Structure formats: C-alpha cells, structure tokens
Amino acid sequence: MQVDEKKLANFRRIFDYLSTSKSMVITAGAGIGVNSGLADYRGNGGQWGTVEAEAGKSVFDVVNPKIFSENPQYGWKLFASRLIEYSKTNPHLGFQILQNWIQLFNLDFFVLTSNIDNQFQKAGFNEDKIRELHGSVFYLQCSTPCTNSIWKHDIQLDTILLDIEQGNYPICPKCGKISRPNVYMFRDNTYLSEMSNEQEFRFQEFLKNNGDSPMIVFEIGSGPHVQSIRKKTRMLGIEYKAKIVRINTQDSKIREPHIGIAQGALESLIEINEYIMQEMSLK
Ligand SMILES: [Zn+2]
C-alpha cells in the first residue's frame, strides 16, 4: 500500500489540533452537502447555473424578493422545490463524524453555515448552536412584511407544487398576503433578521466563552464565491488564533499553520476519522 506522507502529516496535525483544542467551529458552504446529493451553488452543474438557464436571467434577479410580486409562481416554485429536496435529503456520514469528534475531544462547538437547507439540524446538531448566515427555507415571513414574525413552515410538501400552479401560495397569517422564505436573497431589503440576530447573539456568547482557549475550525465546502463564510473563517483565524482545516475540492489553498485538503467533504472526514480512530486505539 502506498502511503501518502503529506496526507499523513496533515492528519497527524489535525489530530494534534483536535487534542489540544477546547472548541470547534464548523464553517460550511454548499460543498458540504454534495455528498448527500445536494447541488453546489457555483461550479459545474451548480444550482445558480440551473436557475439562470431556466429563468433566462441573472440569479441576482431571480433569487430576489421582488420575484414574489413580479412572478410569485416562479418564485414559490423555486423555493418550494428546494424545500422538498432538502426535506427528502439525509445528511451524509460526515455530519455524524464531526459530532463524534465534538464528544470524543470534549469540545464546545458552533456551526456557521451559508446553507438554507436545515441539514445540520437534521443531523442532530443542537439548533441553538447553529448560525444560518443566509437564513433558512424552512422558515417563512410576510413578503411585505407587515410584522416582524417569522414562523416555521407548515407547507404540505406533497401538494405544494400543484397548489402553486393553481395560484395558491403560502400566505402571511396576519395580513393574508403572499409569504416568502426567511432566506437572505440578493438585493434583499425586506428580509427579517430577528432569527439571524438571535443566532448571532448566541455565536457571540460562544466566542466570549471560548475565545481565549485554543480553537479549531473546519471550513468545509465553501468556495471563494461565498465570502460570507470565508470571512468568518478568516476572522476566527486572525482574531481568535484558531487553527483552520479547509476542506475543498477546488480551492483548498491556505497558509501555514492551517491545513488545506483538496478533497470532497465526506471522503476527507472519513479518512481523517480513520486516522484518529487508529491513534486513539494505540493510546
Ligand atoms: Zn403580512
């Protein structure tokens, strides 16, 4: 068997970082969901490319709150399809591996994700420890908005696409007008940020409690297109001296002492986990 020395050296350092850390932050982009069968945003066959081809216009004009007044049928069809897809999808084993490490190394943790797909919650991560930077398609708000209310969707997934075709859209219970997902869209000035603010408050509390102790960051599947996640990773590296493990098939470059792994999420996590399990059994 050919041993990849560089890989092994990286795994050894990841094991050391995990062993000496007191907390873990997972910063995740669309790439983490690819192994569960979800599409990436950018890159080949990405969601945005598909949306643009379908709509015949830029993603900035489609994934945009004005779609709900200009073409509500298209807007709701787009998001309802996502909701159905995400609801059917089961998070891959990598999510479980990350949770096992949190337990094994007795770490406090927090998840920052640009995904709107509820996969971390579904995988069993405590929802009080998740910050969804772009909101969630599982929560709705009024499109006007007439109040600050955000509510968990109660959409019937098996009939919603037919309802939308017939012009029956999920509505705001307060004013009866069309609702929209509590997703932070492009050029969005009607997004209600109450839920984001609460999540951000809990993340700041986490930083207060853990900021002075060694921290490890797993940045998984977040390309340079989604600066919201990369910025957070960078901030944790600079301000909190966190050690960063960047897992990304196309863009894993990062400076020492951080570690870049140019592989998919699931494959990388399984390999690292095998190394860790082996090390633990030798102890
Ligand atoms: Zn309303």
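Fair warning: this is a prediction, and the values are worked out from it, not measured in the lab.

Caption draft 1: Expanded view of unusual backbone geometry. A cis amide bond links Thr 144 with the next residue in sequence, Pro 145, at an omega value of -15 degrees. Mapped onto the elements of the fold, Pro 145 is located in the loop between β4 (135-142) and β5 (150-152). Pro 257 follows Glu 256 through a cis peptide bond whose omega is 5 degrees. Of note, Pro 257 is situated in the loop between β8 (243-247) and β9 (259-261). Positive phi, close to 55 degrees, is recorded for Asn 106, a residue that is not glycine. For Asn 118, which is not glycine, the phi torsion reads 65 degrees and is therefore positive.

Caption draft 2: Highlighting helix α10 (residues 227-239). Given a rise of 1.5 Å per residue, 13 residues ought to cover 18 Å, and the 17 Å separating the end C-alpha atoms of α10 matches this to within 8%. Those residues of α10 that sit buried are Ile 229, Lys 232, Thr 233 and Leu 236. For α10, the arc enclosing every buried residue in end-on projection is 100 degrees, short of the 170-degree limit, so these residues lie on one face. Among the exposed residues of α10, those pointing more than 90 degrees away from its buried face are Gln 227, Lys 231, Ile 238 and Glu 239. In the core, the buried residues of α10 are packed alongside β1 (23-28), β2 (108-113), β7 (215-220) and β8. The first or second residue beyond α10 is Lys 241, which carries a positive phi of 55 degrees.

Caption draft 3: Examining the sheet that holds strand β6 (residues 179-183) more closely. With respect to topology, 3 strands assemble into an open sheet ordered β5-β4-β6, the strand pairing being antiparallel. If you trace the sheet from one side to the other, it starts and ends with β5 and β6, each paired once. Ignoring which end each strand starts from, the neighbouring axes of this sheet average 50 degrees apart.

Caption draft 4: Region of the structure containing the pairing of β7. Among the 6 residues that make up β7, 6 are buried, leaving the element largely enclosed by the rest of the structure. Where β1 lies against β7, 6 bridges are found, and the strand directions are parallel. Across the sheet, the residue bridging to Met 24 is Ile 216, located in β7. In this sheet, β8 lies alongside β7 in parallel orientation, the contact comprising 5 bridges. Among the inter-strand pairings, Glu 219 is bridged to a residue of β8, identified as Arg 246. Each parallel crossover has a hand, and for β7 linked through α10 to β8 it is right-handed.

Cut-offs applied
Residues numbered from 1 in each chain as written. Predicted model: local features only at pLDDT ≥ 70, side-chain atom pairs only at ≥ 80, totals over all residues. Helix = DSSP H or I, 4+ residues; strand = E, 2+ residues; numbered from the N terminus. Expected span 1.5 Å × (residues − 1). Buried ≥ 20, exposed ≤ 12 C-beta atoms within 10 Å, placed from the backbone. Arc of directions from axis to C-beta. Contact = placed C-beta atoms within 7 Å. Pairing = 2+ DSSP bridges. Axes fitted to C-alpha atoms, helices over the stretch in contact; angles between N-to-C directions. Right-handed = clockwise from strand over helix to strand, strands pointing away.

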